[in-house]
Amino acid sequence: MTEHDPAKPSRASRRMFLGGALGTAGLVAAGGAGFGIARAAEPGDSSSSAGGSGIVPFYGAHQAGIATPAQDRVAFAAFDVTSTDVDALRTLLATWAAAAGQLTKGQPIGAVETAPDAPPIDTGEALGLGASSLTVTVGFGPTLFDDRFGFAKRRPAALADIPSLPGDALELDISNGDLCVQACANDPVVAFHVIRNFARLARGTAVMRWSQLGFGRTSSTSTTQQTERNLLGFKDGTRNIKAESLDDFDRFVWVGDETDQPWMKGGSYVVTRRIRMLLESWDTDYLADQEKVIGRSKNSGAPLTGTAEFDTPILTEKKDGAYVIDARAHIRLASPLSNDNMKILRRGYSFTDGIDQTTGLLDAGLFFIAYQKDPRKQFVPIQAQLGQHDLLNEYIKHTSSAVFAVPPGLTAAGDYYGKALFA
């Protein structure tokens, strides 16, 4: 038996997840490359560096991070694929899936490394923080379905480019992308750790196009959560779809038999918008006008036709011949009653990116995230109406936009994001 050289990483400690993530056939297809991470996470393994607390199951019919009650923080990133090798893309998605399977249990990526002559597999900043209810959600942008990988005929009709909408002031360098990664957690370091390490794992295959950190969820997505406030000081997402409403999810969020692409059944579509709020201007407006703009009481969150937050807005109610909830109030124009009874699932977060160096004003606002069955029938018509008529437009500016197809969940170790797309 030969003696192990401690200066060199062992084969067992340096092999990548993909022995479990892609399986033998996947490794052959990927060219049998040497990968740098350890074992794949197995379903049912609930171990964690913090005793297993706050673990959201990774495997299931749908990707976590959609119906999951919204966590406190988000780190979101879009990537451009630089390789034209379809096997390299598949390997990347399998690598990400295996890494996410471990990270969502509070584990580092791979085994603990001690070799001084090799970079650590995991960057280490999240060690000891536990799972923190981490979810990792991955999606595919319209540009992934060009001629590079032979996917053109597999692009879902619902994955249409978002058209130009009223009020858009989009910056293309922080819009769109081939792939997206949404990491949500109750600890900002845990969420950021995912994006940092996914970017490392993508080297040679994809590069980060843009990213956004968010804090303070702006929509309750479960009946167990209170409604939080956005940076305008108003409760946000009072009438949002809730995780407990399975019928709403089937009707408005999950892709079903209606899809033209079977590989998307059980998935969803996500639209992101970076909405800068002109806070200094808003802060000079008087309270009554702020409430008129939104259509709700700032203190209680009640609609102006009610007394409590969850009272149903009465859009027909008038006083002195005028609507109590203004005809251009935000909640009226966003209401399902004003949009053919369509709903979207909101999972947005507040953000601040310092000071606008041109104006000296705060660069802050809402990072809007919305999941739905078909953006063409849900987000686009809703936002078109808001962009044209909403009183809130005086105080906001949409600076980025993206849409992604989010495939269904992973079944077990060895499965990977969008596996059916490659079949």
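In what follows, the accompanying structure is described.

**Comments concerning the overall build of the chain**
If you tally the helices and strands in the chain, you get 10 helices and 11 strands. Per-residue burial for the chain yields a buried fraction of 53% across its 423 residues. Here the contacts in the chain between residues at least 6 apart in sequence split such that 76% fall between residues at least 24 apart. As displayed, the chain offers around 18,100 Å² of accessible surface, 53% of which is attributable to carbon and sulfur atoms.

**Quick look at the environment of Pro-188**
Within the element layout of this structure, Pro-188 appears in helix α5 (residues 188-201). Sequence separation between Pro-188 and Asp-72 is 116 residues, and the spatial gap between their C-alpha atoms is 8.2 Å.

**Concerning the side chain of Thr-399**
Positionally, Thr-399 belongs in strand β11 (residues 396-406). Once residues within four sequence positions are removed from consideration, Thr-399 is found in contact with Ala-169, Leu-170, Glu-171, Ile-174, Ser-175, Arg-274 and Arg-276.

**Focus on helix α8 (residues 287-294)**
Taken residue by residue, α8 has Asp-289, Gln-290, Glu-291, Val-293 and Ile-294 as its buried positions. Buried residues along α8 sit against α7 (279-282) and α9 (330-334). A positive phi of about 95° marks Gly-295, the residue just after α8.

**Looking at the pairing of strand β2 (residues 135-140)**
Within β2, 6 of the 6 residues are buried, which leaves it mostly tucked inside the rest of the structure. Residues Thr-135, Thr-137 and Gly-139 of β2 are buried on one face, and the alternating residues Val-136, Val-138 and Phe-140, pointing to the opposite face, are buried as well. Relative to strand β3 (residues 179-185), β2 is paired through 6 bridges, and the arrangement is antiparallel. Paired with Val-138 across the strands is Val-181, a residue of β3.

**Quick notes on helix α6 (residues 246-253)**
Within α6, the full set of buried residues consists of Asp-248, Phe-249, Phe-252 and Val-253. Each buried residue of α6 lies within a common arc of 100° when the element is viewed along its axis, so the set occupies one face. Across α6 from its buried face, at more than 90 degrees, point the exposed residues Leu-246, Asp-247 and Arg-251. Structurally, α6 contributes buried residues whose contacts are with β5 (268-277), β8 (345-346) and β10 (362-372).

**Digging into the pattern of salt bridges**
Taken as a whole, this structure holds 19 salt bridges when the rule is applied. Here Asp-363 makes a salt bridge to Arg-274, at a shortest N to O gap of 2.8 Å. Of this pair, Asp-363 sits in strand β10 while Arg-274 sits in strand β5, and the two are 89 residues apart along the sequence. Look at the salt bridges and you will find they share partners, linking Arg-274, Arg-276, Asp-353, Asp-356 and Asp-363 into a network.

Conventions we followed
- Just so you know, the residues in each chain are numbered from 1, in the order the chain's sequence is written.
- This being a predicted model, a pLDDT of at least 70 is required before a residue's local features are given, and a value of 80 or more before pairs of side-chain atoms are given or counted; all residues contribute to the totals for chains, interfaces and linings.
- Excluded from the side-chain calculation are hydrogens and water; included are all heavy atoms of the structure.
- Numbering of helices and strands starts at the N terminus; helices are DSSP runs of H or I of at least 4 residues and strands are runs of E of at least 2.
- Any residue under 20% of the maximum accessible area for its type is buried, any over 50% is exposed, and the rest in between are partly exposed; the area is computed with a 1.4 Å probe on protein chains only.
- Every residue pair with non-hydrogen atoms within 4.5 Å of one another is taken to be in contact.
- To be clear on the numbers: accessible area is Shrake-Rupley with a 1.4 Å probe, and residue cover counts the displayed protein chains and nothing else.
- In short, DSSP must find at least two bridges between two strands for them to pair.
- Our arc is simply the arc of the directions from the helix axis toward the C-beta atoms.
- Salt bridge criterion: a side-chain nitrogen from Lys or Arg within 4 Å of a carboxyl oxygen from Asp or Glu.

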